[in-house]
Amino acid sequence: QTVNTARIEIHSLDTLTLTDRQFLTGTKEGKPARIGGELRLPPGSGRFPAVVLVHGSAGAGAGEVQWSQELNKIGVATFLMDCFTGRGIVQTITDQSQLGHLAMIVDAYRALELLSKHAQIDASRIAVMGFSKGGFVALYSSMRRFRRVYGPTSVEFAAYIPFYARCDTPYINDEDVSNNPIRLFHGVNDDYVPIDGCRQYVERLRRAGKDVVLNEYPGARHAFDNPLYQPVRFMPDAELPNRCRREERPGGVIINLDTGQPFSSTDACVTHGATLGYDPYSHAESVRAVTGFLKAALPPSN
């Protein structure tokens, strides 16, 4: 039995809870919050590369734990954030308005800042990886406009790894992202967060000269890497804005393009019901792709 994790530390970090509008207008007047995170260090000495793991709407669980083990195995530390418990939230599957996707970007930047000061972490080799709601965080934390306001000044994520992220809302200046690599992973049969929005966004980013790749898994559903979802599970209460056409407008407003009004989760385009399903083949392929990518993107500093 090989030991993958040598040490576990529980950290708390101070962050803000912002509405989408507050976040998009760059205010720092949000509600203070304190959240927790679990740092797992692999065996060895020196400074390790690290990955911040950002959970989805169900909270932190089996999927993130498994990724933590896979990453520790290749000598990468992991910091699994819990964005919910400190805010009194259990899950946002049935009501996404409890905590906006954008607000969690602030949490990721705070985790980056915390890790960058840790004696056993190499500040120049910290990546962010997220799943679903957390995948959105891993993707859009690459936007320079957001980083300038909420990110730490001295350090930046070395790589961005979104799994089945929602990419279907254009934001102002959303092609002005980091030059560091962005690697997306998505199931083609995802009915919770359809892949089309990411295909279009990735195409725009590539035209803008960015280092971005979308890895597509045919037949795979939402949460294809999470062994918790076997057999396939239908969640009738999951809130879905898939039919909503949205876009950010000046003033931090996300407009529903069909009504011309600010988007709300009570809009007629919001439906309910989505499928989550583990796919062992796609999971294994994504582990191989992510670990191979990280070995190249976060090479040893010695």
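Note that the coordinates shown come from a computational prediction; the quantities given were computed from them, not determined experimentally. As a convention, each chain's residues are numbered from 1 in the sequence order in which they are written. Totals for whole chains, interfaces and linings use every residue, but because this is a predicted model, local features are given only for residues with pLDDT of at least 70 and side-chain atom pairs only at 80 or more, for both listing and counting. Think of the side-chain values as coming from all heavy atoms in the structure, minus any hydrogens and water.

Help me understand the packing of aromatic side chains in this model?
Each aromatic ring pair is described using two quantities: the centre-to-centre distance and the angle formed by the ring planes. Only rings of Phe, Tyr and Trp enter the pairing, Trp through its six-membered ring, and a pair is recorded when the two centres are within 6.5 Å. The plane angle decides the type: under 30 degrees is stacked, over 60 is edge-to-face, the rest tilted. Inspection of every chain in the model, using the stated rule, returns 18 aromatic pairs. Summarising the aromatic geometry, the rings of Tyr140 and Tyr201 are spaced 5.5 Å apart at their centres and angled 10 degrees between planes, so their arrangement reads as stacked. Here the residue Tyr140 occupies a position in helix α4 (residues 133-140), and Tyr201 occupies one in helix α6 (residues 196-207), the gap between them amounting to 61 residues. Each member of the pair, Tyr140 together with Tyr201, is buried. Here the aromatic rings of Phe163 and Tyr164 are separated by 6.0 Å at their centres, their planes lie at 85 degrees, and the arrangement is edge-to-face. Like Phe163, the residue Tyr164 is buried in the burial classification. Through pairs of rings, three or more aromatic residues link up here, namely Phe23, Phe136, Tyr140, Phe146, Tyr150, Tyr171 and Tyr201. Stacked on the ring of Phe263, the Lys or Arg Arg246 has its end atom at 4.6 Å from the ring centre. Here a strand is any run of E in DSSP of at least two residues, a helix any run of H or I of at least four, and the numbering for each starts at the N terminus. The buried label goes to any residue with under 20% of its type's maximum accessible area, the exposed label to any with over 50%, and the partly exposed label to all in between, with areas taken from a 1.4 Å probe on protein chains only. Here, a charge over a ring is recorded when the distance from Lys NZ or Arg CZ to the ring centre is within 6 Å and its angle to the ring normal is within 35 degrees.

Is there a simple way to explain α6 in this structure?
Three- or four-residue spacings in an α-helix give side chains the same orientation, since the helix completes a turn every 3.6 residues. In this model α6 runs 17 Å from its N-terminal to its C-terminal C-alpha over 12 residues, within 8% of the 16 Å that 1.5 Å per residue would give. All of the buried residues along α6 are Gly197, Cys198, Tyr201, Val202 and Leu205. Taken around the axis of α6, the buried residues stretch over an arc of 125 degrees, which confines them to a single face. Residues of α6 that are exposed and point more than 90 degrees away from the buried face comprise Gln200 and Arg207. A helix is expected to span 1.5 Å for every residue after the first. Working definition: the arc comes from the directions between the helix axis and the C-beta atoms, pointing outward to the latter.

What is the right way to read the sheet that holds strand β3 (residues 48-54) from this model?
Hydrogen bonds along the backbone pair up the strands of a sheet, which may run parallel or antiparallel. A pair of strands counts as paired when DSSP detects no fewer than two bridges linking them. The eight strands are arranged β1-β2-β4-β3-β5-β6-β7-β8 in an open sheet whose pairing can be described as mixed. Since the sheet does not close on itself, it has two edges, and those belong to β1 (7-17) and β8 (212-217), each with one partner. Direction aside, neighbouring strands of the sheet carry axes that sit 20 degrees apart on average. Here β3 runs beside strand β4 (residues 77-82); their pairing, made up of four bridges, is parallel. Within β4, the position partnered with Val52 by the bridge is Phe79. Helix α2 (residues 62-73) rests against β2 (31-41), β3, β4, β5 (121-131) and β6 (159-163) of the sheet, and its axis sits at about 165 degrees to β4. In this analysis, axes come from line fits to C-alpha atoms, helices being fitted only over the stretch in contact, and the angle between any two N-to-C directions falls in the range 0 to 180 degrees. Contact between two residues is taken to exist if any of their heavy atoms lie within 4.5 Å; hydrogens are not considered.

Take it as geometry only, folks, not as evidence of what the structure does.
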